[in-house]
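# Breakdown of the fold
One-letter residues, chain by chain:
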Amino acid sequence: MQDILLVSDLSKTYASGFSALRNIHLAIRRGEIFALLGPNGAGKTTLISIICGIVNPSTGTVLVNGHDIIRDYRAARSMIGLVPQELSTDAFETVWATVSFSRGLFGKPADPGHIEKVLKALSLWDKKDQKIITLSGGMKRRLMIAKALSHEPQLLFLDEPTAGVDVVLRRDMWELVRTLRDTGVTIILTTHYIDEAEEMADRIGVIHKGEIILVDDKSELMRKLGRKQLVLQLQQTLKQVPSELSAYALELSNDGCELTYTYDTQSERIGIVALLKDLNDAGILFKDLRTTESSLEDIFVSLVRDDQ
Amino acid sequence: MNIHAIRAIYTFEMARTWRTLMQSIISPVISTSLYFVVFGAAIGSRIPEVGGVSYGTFIVPGLVMLSLLTQSISNASFGIYFPKFTGTIYELLSAPISYVEIVLSYVGAAATKSIILGLIILATAYLFVPLHIDHPFWMILFLVLTAVTFSLVGFIIGIWADGFEKLQVVPLLIITPLTFLGGSFYSIDMLPPFWQKVALFNPVVYLVSGFRWSFYGLSDVSIALSLAMTMAFLIISLTIVAWMFRTGYRLKS
Ligand SMILES: Nc1ncnc2c1ncn2[C@@H]1O[C@H](COP(=O)(O)OP(=O)(O)OP(=O)(O)O)[C@@H](O)[C@H]1O
Ligand SMILES: [Mg+2]
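The notes below deal with the structure included here. (Residues numbered from 1 in each chain as written. Chains lettered and ligands numbered in written order. Predicted model: local features only at pLDDT ≥ 70, side-chain atom pairs only at ≥ 80, totals over all residues. Heavy atoms only, no water.)

### Concerning the overall build of chain B
Let me state the cut-off plainly: Strands are runs of DSSP state E lasting at least two residues, helices are runs of H or I lasting at least four, and both sets are numbered from the N terminus onward. Just to be clear, the radius of gyration here is over C-alpha atoms, and the globule rule we use is 2.2 Å times residues to the power 0.38. In this scheme, a residue with accessible area under 20% of its type's maximum is buried, one over 50% is exposed, and one in between is partly exposed, where area comes from a 1.4 Å probe on protein chains only. Two residues form a contact once any of their heavy atoms are found within 4.5 Å. Only the protein chains shown count as cover for residues, and all accessible areas are computed by the Shrake-Rupley method using a 1.4 Å probe. Charge convention: Lys and Arg are scored as positive, Asp and Glu as negative, and His as well as the terminal groups of each chain are ignored. Here the site of a charge means NZ on Lys, CZ on Arg, CG on Asp, or CD on Glu.
The number of helices and strands found in chain B is 11 helices and zero strands. Helices and strands appear in chain B in the N-to-C order α-α-α-α-α-α-α-α-α-α-α. Here the C-alpha atoms of chain B give a radius of gyration of 19 Å, agreeing with the 18 Å that 2.2 N^0.38 yields for 253 residues. With the principal axes as the frame, chain B shows a C-alpha extent of 60 × 40 × 35 Å. Classification of the 253 residues of chain B by burial places 53% in the buried group. Counting contacts in chain B only where the partners sit at least 6 residues apart, residues at least 24 apart contribute 81% of the total. Approximately 11,100 Å² of chain B is accessible, and the part contributed by carbon and sulfur atoms is 74%. In chain B, which carries 12 positive and 9 negative side-chain charges, the distance between the mean positions of the two groups comes to 7 Å.

Pasting the structure below:
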């Protein structure tokens, strides 16, 4: 099936001369949750803003479900829902009025039933007649999501949806995003919480200094870049690692109680069995062992740091 | 045509109007009444009739125009500036809506409001002085054309402005002098010959003249010229708006 979003050779140079995006190529599959990661100022919001029609691209094309965002902007935009990073709302409107307004703006006939469903899903139903100014920050964030969902988009952009949302609501929001995905909505989100991407995304893209430096399946990414460590707690302290074990590049803790073996999950032979046998042969006994796995966060940090 | 969007914006803007109805109506009504007290009664009683109508009656079309111009500009400029200021403009820019539709709904709402106000002021004036409208069709036509044209001007100012000061500055420094010197309170032929020539460069002269003609059949310039000039301003404003949207001027980076 055709990709729901196809970004080709997209670049953006702001009027200030600042080059915010360079030769972006990105294809988003229908029905996936795609997490866009990158440090502050990487260009995430710029990319989303161009796709949604808020910022003009300098070069390149964007197709939404095959519709060019400039030539065929009506068809392209009516498929898109956007929850921007900034909280901006009309203070004196009611929740109900502003969400209904969004639906109309996107060319859909009024449908109170759908608005009710959206407000309930975002726990805003009891606030529907309140003025926006009386809502808390987290409620406003949810209101902006409700506005974006009001016109039943096929492609939903969430630019840092969980910034300023409490832990419980964050879980609820993840749940909501998954429910949306199950109904066929494709979701692109940016986040600074790596656990969020790790928890939710099917695929992950990393953008850094205006370039996409990596796009991969989350599991593939974890497998490729993930490193595992085996930590052995020794029965007796060691002064140094015996020379016959040097091939394993073991690390000995300062107190001499722990040996750490780092291995690549990708490599053909992991070597744990051999290591344990060689340890036994060298007369080193251990009382406990554990393995640790690098998180997406470690991967991300190492990627961005390597690039600097 | 995205009819749903036009309706959504228009009703949204009109809701803003109804919310602030009292202040939007009361202040022009009070200031108009003051004009009548000062110019109509206090000073006007010492001024002879102009073209066969009493001075108080003479100034009514000019006063309506004065409010129509200032209200159109302030409604429309505020209507589009505010979303820029609060950031809610993102939604407008990302919606499947054309520039024509945006202009139609914002300018339509602003013009509707100022037309309502113009009619209320006319009704207020009726309480003070005798009025008659010789050409009601033309009266409505000038009312609508002026409201639309100056709502467009307001829209342009709202997009151009990047601060509340700028929003105030253009109406204050340009529009107010033009309206006061535009023959609201006098007939151009009361001016010395040199200033009569200068006055012809003031666009407001044509609007006031045409509007007054529709009431009393009195005009400073021919009605055809008034209409032609009004249409010309409309077209100039439309051209500027079209250019702004095509280039994304102050809306998109
Ligand atoms: N209107 C603008 N004019 C000039 N430069 C801009 C403009 N908007 C953004 N930038 C610059 O473009 C770069 C990318 O900004 P962008 O907002 O896309 O980053 P981001 O990845 O969303 O960051 P964050 O995680 O902080 O939200 C930044 O260096 C920013 O300063
Ligand atoms: Mg951002």
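### A word on the nonpolar core
Put simply, the rule is: Here the nonpolar core consists of buried residues drawn from Ala, Val, Leu, Ile, Met, Phe, Trp, Tyr and Cys, with membership extended through side-chain atoms lying within 4.5 Å.
Residues Leu5(A), Ile51(A), Val64(A), Leu105(A), Phe157(A), Ile187(A) and Phe155(B) are the most contacted members of the largest nonpolar core, which totals 100 residues. The dominant element in this core, judged by the number of residues it contributes, is helix α5 (residues 137-149) of chain A, at seven residues. With near-sequence residues (within four places) excluded, Val64(A) lies in contact with Ile4(A), Leu5(A), Ile51(A), Ile69(A), Ala76(A), Met79(A), Ile80(A) and Leu155(A). Residues Tyr55(B), Val60(B), Val204(B) and Leu207(B) belong to the second largest nonpolar core, which totals 44 residues.

### Digging into the coordination of the magnesium ion (ligand 2)
All names here are of chain A. Stated precisely, the cut-off is as follows: In this listing, donors mean N, O and S atoms no farther than 2.8 Å from the metal, or 3.2 Å for Na, K and Ca; water is missing from the atoms, so a site can look incomplete.
Each protein donor to the magnesium ion (ligand 2) is listed here as Thr45 (OG1) and Gln85 (OE1); together their distances run 1.9 to 2.1 Å. Of this pair, threonine 45 sits in helix α1 (residues 44-52) while glutamine 85 sits in the loop between β6 (80-83) and α3 (95-105); the two residues are 40 residues apart in sequence, bridging distant segments of the chain. Residue glutamine 85 is classed as partly exposed on the basis of its relative accessible area, which comes to 30%.

### What to know about the site of ligand 1
Threshold: Whether a residue is near a molecule or strand is decided by its heavy atoms; if any one of them lies within 4 Å of it, the residue is near. Pairs of N or O atoms within 3.5 Å make up the polar contacts considered here, provided that, within protein, one atom can donate a hydrogen while the other can accept it, and that residues adjacent in sequence are counted only when both atoms are side-chain atoms. Only Asp, Glu, Lys and Arg are considered charged in this grouping, and only Ala, Val, Leu, Ile, Met, Phe, Trp, Tyr, Cys and Pro are considered nonpolar; every other residue, Gly among them, is considered polar.
Inspection of the region around ligand 1 gives 16 residues, with Asn40(A), Lys44(A), Thr45(A), Thr46(A) and Gln85(A) positioned closest. The local environment of ligand 1 is shared, drawing residues from chains A and B. Between Lys44(A) and ligand 1, the recorded distance is 2.7 Å, taken from a side-chain N or O atom to an oxygen atom. Contact between ligand 1 and His192(A): an oxygen atom at 2.9 Å from a side-chain N or O atom of the residue. Relative to its unbound accessible area of 640 Å², ligand 1 is 68% covered by the protein chains. Sort the elements by how many residues they give to the shell around ligand 1 and α1(A) lands first, with three residues. Class assignment for the residues of the shell around ligand 1 results in five nonpolar, nine polar and two charged.

### Examining the sheet that holds strand β4 (residues 59-64) of chain A
Strand-to-strand pairing in sheets goes through backbone hydrogen bonds, with the strands running parallel or antiparallel. Residues and elements named next belong to chain A. For clarity, the cut-off: Note on pairing: two strands pair once DSSP finds at least 2 bridges between them.
Read from one edge of the open sheet, four strands run β2-β1-β4-β5, paired in antiparallel fashion. Looking at strand neighbours, the two that pair on one side only are β2 (19-28) and β5 (67-68), the edges of this open sheet. Relative to β4, strand β1 (residues 5-13) runs antiparallel, the two being bridged by five bridges. Across the sheet, valine 7 pairs through a bridge with valine 62, a residue of β4.

### Thoughts on the pattern of salt bridges
Residues and elements named next belong to chain A. Counted only if it meets this: Just to be clear on terms, a salt bridge is a Lys or Arg side-chain nitrogen sitting within 4 Å of an Asp or Glu carboxyl oxygen.
One pass over the full model with this rule turns up 21 salt bridges over all chains. In this structure, glutamate 116 engages lysine 120 in a salt bridge whose closest nitrogen and oxygen atoms are separated by 2.6 Å. One end of the pair, glutamate 116, and the other, lysine 120, are both in helix α4 (residues 112-121), four residues apart, so they sit about a helical turn from each other. The salt bridge partner of arginine 178 is glutamate 175, with a shortest N-O separation of 3.5 Å. Residue arginine 178 and its partner glutamate 175 are both found in helix α6 (residues 167-182); the two are separated by three residues, about one turn of the helix. Residue glutamate 175 is classed as partly exposed on the basis of its relative accessible area, which comes to 46%. Each of the salt bridges in this network shares a partner with another, and the network as a whole consists of Glu175, Arg178 and Glu199.

### With respect to the environment of Gly66(A)
Looking at where Gly66(A) falls in the secondary structure, it is placed in the loop between β4 and β5. Counting along the chain gives 149 residues from Gly66(A) to Val215(A), while the straight-line C-alpha distance between them is 21 Å.

### Remarks on the interface of chain B and chain A
The line we're drawing: Here the quantity called buried area is the total loss of accessible area, with a 1.4 Å probe, experienced by two parts when brought into contact, counted for both.
Contacts between the two partners involve 24 residues from chain B and, on the opposite side, 28 residues from chain A. For the pair chain B and chain A, the two sides together bury roughly 2,500 Å², of which 57% comes from carbon and sulfur. A per-residue breakdown of the area chain B buries against chain A is headed by Phe12(B), Tyr90(B) and Pro96(B), which together make up 27% of the total. Where chain B touches chain A, the interface holds three salt bridges. A salt bridge links Glu93(A) to Arg19(B), with the shortest nitrogen-to-oxygen separation between them at 3.0 Å. Scanning the region where chain B abuts chain A turns up 11 residue pairs in polar contact (both at pLDDT 80 or more).

### Considering the packing of aromatic side chains
Aromatic ring pairs: the centre-centre distance and the angle between the two ring planes describe each pair. Note the cut-off: Aromatic contacts are taken between Phe, Tyr and Trp rings whose centres are within 6.5 Å, Trp giving its six-membered ring; a plane angle under 30 degrees counts as stacked, one over 60 as edge-to-face, and the others as tilted. Charge-over-ring placement is defined geometrically: NZ (Lys) or CZ (Arg) within 6 Å of the ring centre, and within 35 degrees of the ring normal.
Under the counting rule described, the total for this entry stands at 22 aromatic pairs over all chains. Measuring from ring centre to ring centre gives 4.9 Å for Phe85(B) and Phe164(B), while their planes differ by 70°; the resulting arrangement is edge-to-face. Of this pair, Phe85(B) sits in helix α4 (residues 60-86) while Phe164(B) sits in helix α8 (residues 164-180), and the two are 79 residues apart along the sequence. Seen in terms of ring centroids, Phe137(B) and Trp138(B) are 5.8 Å apart; in terms of plane orientation they differ by 85°. Their pairing is edge-to-face. Residue class for Phe137(B) comes out exposed when judged on its relative accessible area of 58%. Through pairs of rings, three or more aromatic residues link up here, namely Phe78(B), Tyr81(B), Phe82(B), Phe85(B) and Phe164(B). When the ring centre of Trp125(A) is taken as reference, the NZ or CZ atom of Lys120(A) above it lies at 4.9 Å.

### A few points about the side chain of Glu32(A)
By the secondary structure assignment, Glu32(A) is in the loop between β2 and β3 (33-37). In this structure, Glu32(A) is in contact with Ala27(A), Thr186(A), Ile187(A), Asp202(A) and Arg203(A), ignoring residues within four places of it in sequence.

### A look at the packing of α4(B) against helix α7 (residues 136-160) of chain B
Residue and element names in this part refer to chain B. To keep it simple, the criterion reads: Axes, fitted as lines to C-alpha atoms, cover a helix only where it is in contact. Angles between the N-to-C directions of the axes lie from 0 to 180 degrees. In this scheme, a crossing is called left-handed if the near helix is turned counterclockwise away from the far one by less than a right angle; it is called right-handed if the turn is clockwise.
Viewed as axis vectors pointing N to C, α4 and α7 meet at an angle of 35°, and their least axial separation amounts to 7 Å. Relative to α7, α4 is oriented so that their crossing is right-handed. In the contact of α4 with α7, the residues fall into 17 nonpolar, six polar and one charged.

Limitation: the analysis is restricted to geometry and does not speak to function.
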